[in-house]
Amino acid sequence: MGATPFVQVCVHSGRQMYNTETFGKMDPYVKIKVGNSVAKTPTKTNAGSEATWEMRCQMPYHGEPTMTFEVWDEDKWSKHDLSGVAEVNLNAIIQHPTRCYSGDLQLTHKGKKFGGHLKVTIRFLGGDLQHTTHHQQQQQQPAPAAATVVHVTQQQTPA
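Residues numbered from 1 in each chain as written. Predicted model: local features only at pLDDT ≥ 70, side-chain atom pairs only at ≥ 80, totals over all residues. Heavy atoms only, no water.

As for the overall build of the chain
So the rule is basically this: Per the convention used, a helix needs a DSSP run of H or I reaching at least four residues, while a strand needs a run of E reaching at least two, with both numbered from the N terminus. Per-residue accessibility, obtained with a 1.4 Å probe over protein chains only, is compared with the maximum for each type, and a residue is labelled buried under 20%, exposed over 50%, and partly exposed between these values. Contacts were defined at the residue level, with two residues in contact if any of their heavy atoms lie within 4.5 Å.
Assigned secondary structure in the chain consists of two helices and nine strands. Each helix (α) and strand (β) of the chain, taken in turn from the N terminus, gives the series β-β-β-β-β-β-α-β-β-α-β. Across the 159 residues in the chain, those meeting the buried criterion constitute 42%. Excluding contacts between residues fewer than 6 apart, the proportion of contacts in the chain whose partners are at least 24 apart in sequence is 65%.

As for unusual backbone geometry
Backbone geometry places Arg99, a non-glycine residue, at a positive phi of 50 degrees. By secondary structure assignment, the location of Arg99 is in the loop between helix 1 (90-95) and strand 7 (100-109). Judged by its relative accessible area of 26%, Arg99 falls in the partly exposed class. Although it is not a glycine, Lys110 adopts a positive phi angle of roughly 55 degrees. Looking at the secondary structure, you find Lys110 in the loop between strand 7 and strand 8 (113-125).

Observations concerning the packing of aromatic side chains
Put simply, the rule is: Classification of ring pairs uses Phe, Tyr and Trp, with its six-membered ring standing for Trp, and accepts pairs whose centres are within 6.5 Å; under 30 degrees between planes counts as stacked, over 60 as edge-to-face, and the remaining range as tilted. Two conditions define a charge sitting above a ring: the NZ of Lys or the CZ of Arg must be within 6 Å of the ring centre, and it must be within 35 degrees of the ring normal.
Taken as a whole, this structure holds one aromatic pair when the rule is applied. On the basis of an interplanar angle of 75 degrees and a centroid distance of 4.9 Å, the ring pair of Tyr61 and Phe124 is categorised as edge-to-face. With Tyr61 in the loop between strand 4 (51-60) and strand 5 (66-73) and Phe124 in strand 8, this residue pair connects regions lying 63 residues apart in the sequence. Over the aromatic face of Trp72 sits the side chain of Lys31, whose NZ or CZ is 5.4 Å from the ring centroid.

Some thoughts on the pattern of salt bridges
Which entries qualify depends on this criterion: For salt bridges, the criterion is a side-chain nitrogen of Lys or Arg within 4 Å of an Asp or Glu carboxyl oxygen.
A complete count under the given rule lists two salt bridges for this structure. Between Asp104 and Arg15 there is a salt bridge, with its nearest N and O atoms 2.5 Å apart. Note that Asp104 is positioned in strand 7 and Arg15 in strand 1 (residues 6-15), a separation of 89 residues in sequence. Looking at Asp104, the relative accessible area reads 34%, which means it is partly exposed. Assessed through its relative accessible area of 34%, Arg15 is described here as partly exposed. Lys33 is paired through a salt bridge with Glu70; the nearest N and O atoms lie 3.2 Å apart. Placement of the pair is Lys33 in strand 2 (residues 28-34) and Glu70 in strand 5, with a sequence separation of 37 residues.

Observations concerning the nonpolar core
How we decide: What is meant by a nonpolar core is a set of buried Ala, Val, Leu, Ile, Met, Phe, Trp, Tyr and Cys residues, joined one to another through side-chain atoms within 4.5 Å.
Ranked by size, the top nonpolar core spans 29 residues in total, and within it Val9, Ile32, Met67, Phe69, Leu90, Leu118 and Ile122 carry the most contacts. For this core, the secondary-structure elements that each account for two or more residues are strand 1, strand 2, strand 4, strand 5, strand 6 (81-89), helix 1, strand 7 and strand 8. Here this core gets five residues from one element, more than from any other, and that element is strand 4. In this structure Ile32 touches Val9, Val11, Ser37, Val38, Ala39, Met55, Cys57, Met59, Met67, Thr68 and Phe69, once residues within four positions along its chain are discounted.

Dropping the structure here:
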């Protein structure tokens, strides 16, 4: 068996993101989740509903069928607000000849409303993806509860 494959993610930008603020502008950041791994972009203070991150990270891939992107509004004095969510079918990307997707994801707010767009690039690199996806499909045990933080920024505040 070869090396563990990984997924390389770049969160480029967000536009028309659902505004969770009554007064002022949002301070958006993005959480990326695949399996038990979590990555986070830096917070863009006062960016509002349009933000640019150009943040890249690599996450281990163990055959998970989906990756989730969550856009949050960081609040200093209260809990952070969820602005939008998008889920990506990773199997479709793996089956594509380039093993890459680059484009806009449509975000939804609270599962119903339009929550904006998130421009991302997702690329699979290294390892045996065929074996990993086949192994994951046959595995019956639930994943461990602990999450692995993949990308940590100096200015992050726990959500």
